Amino acid sequence: MMAGDPVVTGIGAITPLGTDAPSTWRGLVAGESGVGPITHFDAARLPTRIAGEVKGLDPVAELGAKRSHRTARFSQMAILAAREAVADAGLALEPIADRTGVAIGSAVAGTPESERNVAALLEDGPKAVSPFYVASTIPNIAACEVAIDLSVHGPVTATALACATGTYALLEARRLILAGEAEVVIAGGADAGINEAMFAGLSNMGPLSERNDDPAAASRPFDSERDGFVFGEGAVVMVVESAEHARERDADAYGRVSGGALTADAFHMSAPAPDGTYARRAIEIALEGAAIAPGELDYICAHGTGTRANDASETRAIRGALGAAADSVAVSSPKSMVGHLIGAAGSLAVMVCLLAMRDSVIPPTINLDSPDPECRLDHVALLAREAPVQTAIANAFGFGGQNCVLALRAP
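In this report, the structure presented in the accompanying data block is examined. Keep in mind that what you see is a predicted model, and the values were worked out from it rather than measured. Position numbers for residues count from 1 along each chain, tracking the sequence in the order it is written. Whole-chain, interface and lining totals are the exception, using all residues; otherwise, since this is a predicted model, local features are given only for residues with pLDDT of at least 70 and side-chain atom pairs are given and counted only at 80 or more. Hydrogens and water are ignored here; the side-chain numbers use all heavy atoms of the structure.

### Things to note about the overall build of the chain
So, point 1. A tally of regular secondary structure across the chain gives 14 helices and 15 strands.
So, point 2. A radius of gyration in this sense is built from C-alpha atoms; the matching globule rule multiplies 2.2 Å by the number of residues raised to 0.38. Scaling as 2.2 N^0.38, a compact globule of 411 residues should have a C-alpha radius of gyration of about 22 Å, and the chain matches this with 20 Å.
So, point 3. For each residue, the accessible area found with a 1.4 Å probe, counting protein chains only, is set against the maximum for its type, and the residue is called buried under 20%, exposed over 50%, and partly exposed in between. Looking at the 411 residues of the chain, the share that counts as buried comes to 62%.
So, point 4. Every residue pair with non-hydrogen atoms within 4.5 Å of one another is taken to be in contact. In the chain, 79% of the contacts between residues at least 6 apart in sequence involve partners at least 24 apart.
So, point 5. Total accessible area on the chain stands at roughly 15,000 Å², and carbon and sulfur atoms take up 53% of it.
So, point 6. Residues scored as charged are limited to Lys and Arg (positive) and Asp and Glu (negative), so that His and the chain ends carry no count. A single reference atom marks each charge: NZ on Lys, CZ on Arg, CG on Asp, CD on Glu. Positive and negative side-chain charges in the chain, numbering 30 and 49 respectively, have mean positions lying 2 Å apart. Labels follow the DSSP assignment, with helices taken as runs of H or I lasting at least four residues and strands as runs of E lasting at least two, numbered in each case from the N terminus. Each accessible area value is a Shrake-Rupley result obtained with a 1.4 Å probe; residue values ignore everything except the protein chains displayed when judging cover.

### Examining the packing of helix H1 (residues 21-30) against helix H14 (residues 345-359)
So, point 1. Viewed as axis vectors pointing N to C, H1 and H14 meet at an angle of 80°, and their least axial separation amounts to 11 Å. Classified by the interaxial angle, the pair formed by H1 and H14 is roughly perpendicular. Here Ala21, Thr24, Trp25 and Leu28 of H1 come into contact with H14, specifically with Leu348, Met351, Val352, Leu355, Ala356, Arg358 and Asp359.
So, point 2. A class-by-class count of the residues in the contact of H1 with H14 yields 8 nonpolar, 1 polar and 2 charged. Throughout, an axis means a line fitted to C-alpha atoms (over the contacting stretch in the case of helices), and angles, computed between N-to-C directions, take values from 0 to 180 degrees. These descriptions rest on fixed angle ranges, namely under 35 degrees for roughly parallel, over 145 for roughly antiparallel, 65 to 115 for roughly perpendicular, and the rest for oblique. Nonpolar residues are Ala, Val, Leu, Ile, Met, Phe, Trp, Tyr, Cys and Pro. Charged residues are Asp, Glu, Lys and Arg, and all others, Gly as well, are polar.

### Comments concerning the sheet that holds strand E12 (residues 378-379)
So, point 1. Between any two strands, at least two bridges found by DSSP are needed for them to pair. With respect to topology, 11 strands assemble into an open sheet ordered E5-E4-E6-E7-E1-E8-E15-E14-E9-E10-E12, the strand pairing being mixed. Every interior strand has two partners, whereas the edge strands, strand E5 (156-157) and E12, have only one.
So, point 2. Where strand E4 (residues 100-105) and strand E6 (residues 184-191) come together, 6 bridges link them in parallel fashion. Along E6, the bridge assignment pairs Thr100 with Val184.
So, point 3. Here helix H11 (residues 277-289) sits on the sheet in contact with strand E8 (255-264), strand E14 (391-398) and strand E15 (402-409), set at roughly 150° to E8.

### Quick look at the pattern of salt bridges
Opposite charge on two side chains permits pairing when their charged atoms draw close.
So, point 1. Think of a salt bridge as a Lys or Arg side-chain nitrogen and an Asp or Glu carboxyl oxygen that are within 4 Å of each other. Within this structure, the stated rule accounts for 22 salt bridges.
So, point 2. Here Glu233 ties to Arg73 by a salt bridge, and the two come within 3.0 Å at their closest N and O atoms. With Glu233 in the loop between helix H9 (196-205) and strand E7 (234-241) and Arg73 in helix H4 (residues 73-89), the pair connects residues that are 160 residues apart, well separated along the chain.
So, point 3. One salt bridge connects Arg281 with Glu284, and the closest N-O pair in it is separated by 3.1 Å. Taken together, the residues span about one helical turn, with Arg281 and Glu284 both in helix H11 at a distance of 3 residues.
So, point 4. Beyond isolated ion pairs, a larger network of salt bridges with shared partners links Arg67, Arg83, Glu145 and Asp149.

### Section: the packing of aromatic side chains
So, point 1. The aromatic pairing rule takes the rings of Phe, Tyr and Trp, using the six-membered ring of Trp, and pairs them if the centres are within 6.5 Å, calling planes under 30 degrees apart stacked, those over 60 edge-to-face and the rest tilted. The tally for this structure, following the rule as stated, stands at 2 aromatic pairs.
So, point 2. Relative to Phe199, the ring of Phe41 has its centre 5.9 Å away and its plane inclined at 65°; by these criteria the two rings are edge-to-face. One end of the pair, Phe41, is in the loop between strand E2 (36-37) and strand E3 (50-51); the other, Phe199, is in helix H9, with 158 residues separating them in the sequence. Across this residue pair, the class does not change: Phe41 and Phe199 are buried.
So, point 3. In textbook terms, an aromatic cluster arises when at least three aromatic residues are bridged by ring pairs, as seen for Phe41, Phe199 and Phe231.

### Brief notes about the packing of helix H8 (residues 165-178) against H14
For any two helices packed against each other, one specifies the crossing angle of their axes together with the interaxial distance.
So, point 1. Packing of H8 against H14 leaves a shortest axis separation of 4 Å and a crossing angle of 65°. Across from Gly166, Thr167 and Leu170 in H8, the residues of H14 making contact are Gly346, Ser347 and Val350.

### Concerning the environment of Ala293
So, point 1. Here Ala293 is to be found in the loop between H11 and strand E9 (299-301).
So, point 2. Once the C-alpha coordinates of Ala293 and Ala325 are considered, the two residues, 32 residues apart in sequence, prove to be 9.4 Å apart.

### A word on the nonpolar core
So, point 1. We call a set of buried residues a nonpolar core when its members are Ala, Val, Leu, Ile, Met, Phe, Trp, Tyr or Cys and they connect through side-chain atoms within 4.5 Å of each other. Ranked by size, the top nonpolar core spans 55 residues in total, and within it Ile11, Met238, Tyr299, Met351 and Leu354 carry the most contacts.
So, point 2. Beyond its immediate stretch of four places on either side in the chain, Met238 contacts Val8, Gly10, Ile11, Ala85, Leu170, Val185, Ile186, Ala187, Ser347, Val350, Met351 and Leu354.
So, point 3. Judged by nonpolar contacts, the second largest core, of 35 residues, contains Leu57, Leu63, Ala142 and Ile186.

### Some remarks on the pairing of E15
Walk down a regular strand and you will see the side chains alternate between the two sheet faces.
So, point 1. Of all 8 residues in E15, 7 are buried; the element is thus mostly enclosed.
So, point 2. Of the pairings in the sheet, the one linking E8 to E15 comprises 8 bridges and is antiparallel in character. In the sheet register, Gly259 faces E15, and the bridge partner there is Ala407.
So, point 3. Here E14 runs beside E15; their pairing, made up of 8 bridges, is antiparallel. Note that in E15 the partner of Ala394 across the bridge is Leu406.
So, point 4. Connecting the antiparallel pair E14 and E15 is a turn made up of 3 residues, with Gly400 showing a positive phi of about 90°.

In short, shape yes, function no, at least from these values alone.
Shown next, in the form of structure tokens:
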């Protein structure tokens with residue numbers, strides 16, 4: 001950790017709990033659930049019929065009919081979250097447009113739009129396929145759409161790391177700034193993959209919760225009765241600035257991006273390595289880079305998906321990295337309330353860490369009625385906890401064994 005750590009000065013969010021960051025944060029602290037029956041398509045023939053859907057989003061009102069027609073849902077949410085983040089930062093981009101980059105990733109990108117266009121092709125032939133199909137669904141397009149919307153010309157990058165995508169975008173922002181390639185990076189993740197083919201494939205694979213009769217109680221990270229994760233959608237985007245640039249404009253900072261790490265399990269295409277060795281190593285490297293000793297860590301925003309394998313593996317990783325200090329570090333998972341936002345899940349975890357620092361309150365893991373003995377940690381269960389937070393890490397572990405951890409310090 002150095003005094004020159006990049007800082008986060010603006011946050012924007014669209015999640016199942018709200019169409020902006022303040023409403024999302026209020027819902028998380030209150031322990032509300034944004035999970036409910038699927039409305040994006042008819043899920044009657046599927047074993048899982050619940051999801052964390054974004055509600056109340058009106059892209060036509062926000063972006064206009066023409067642009068809304070040409071952009072996929074994940075890009076729409078990325079644009080709106082980025083606008084909120086820039087406004088929250090009080091940042092005038094025009095003077096530094098050439099020194100402002102974008103790092104916004106997506107894991108499943110435009111899969112609903114792909115499903116619709118393939119169906120149109122099969123039913124009505126090639127002329128029925130939208131001319132905007134390809135350009136609107138590729139994984140890098142959300143980052144490019146944000147750059148277009150904000151008229152910035154620095155480095156634009158989009159990396160797909162499955163469920164670790166959003167966290168890595170913040171790590172990439174740190175690296176771009178420290179390398180001197182940008183003064184400001186608009187960074188985060190966005191995904192909107194709630195469609196029938198996605199749910200059919202995941203249901204056949206087996207990781208989704210099937211608690212359809214009680215959606216609010218379906219996402220149960222670390223609970224002994226957990227039966228899988230809840231698929232969600234959303235976008236969380238932040239303004240990351242060099243410390244010098246933030247000082248020059250007297251900007252308020254939420255926190256410092258002080259360290260991070262990326263490791264690979266190299267174990268399985270979807271299952272985490274049971275012993276958590278390389279997830280543990282990512283935690284260790286992130287803490288070392290931020291000069292945070294295990295005993296100094298105040299909070300872990302856990303990956304905490306609610307699958308049996310992931311929660312147990314993550315617990316082993318945390319305990320292995322922190323040793324005895326693991327018993328005194330608060331841990332919670334926002335996925336219990338919004339579901340798994342896939343490419344945006346990691347950036348949501350970073351947002352939770354930063355706002356916990358600002359407000360000295362840690363959101364809970366709801367539905368943690370009967371903690372699994374195999375997942376023994378200092379869980380913030382059921383109700384938020386008031387506590388000072390000066391240091392935190394955000395964990396994100398993706399399909400394919402990609403482990404990304406970001407270490408944060410209070411400003």
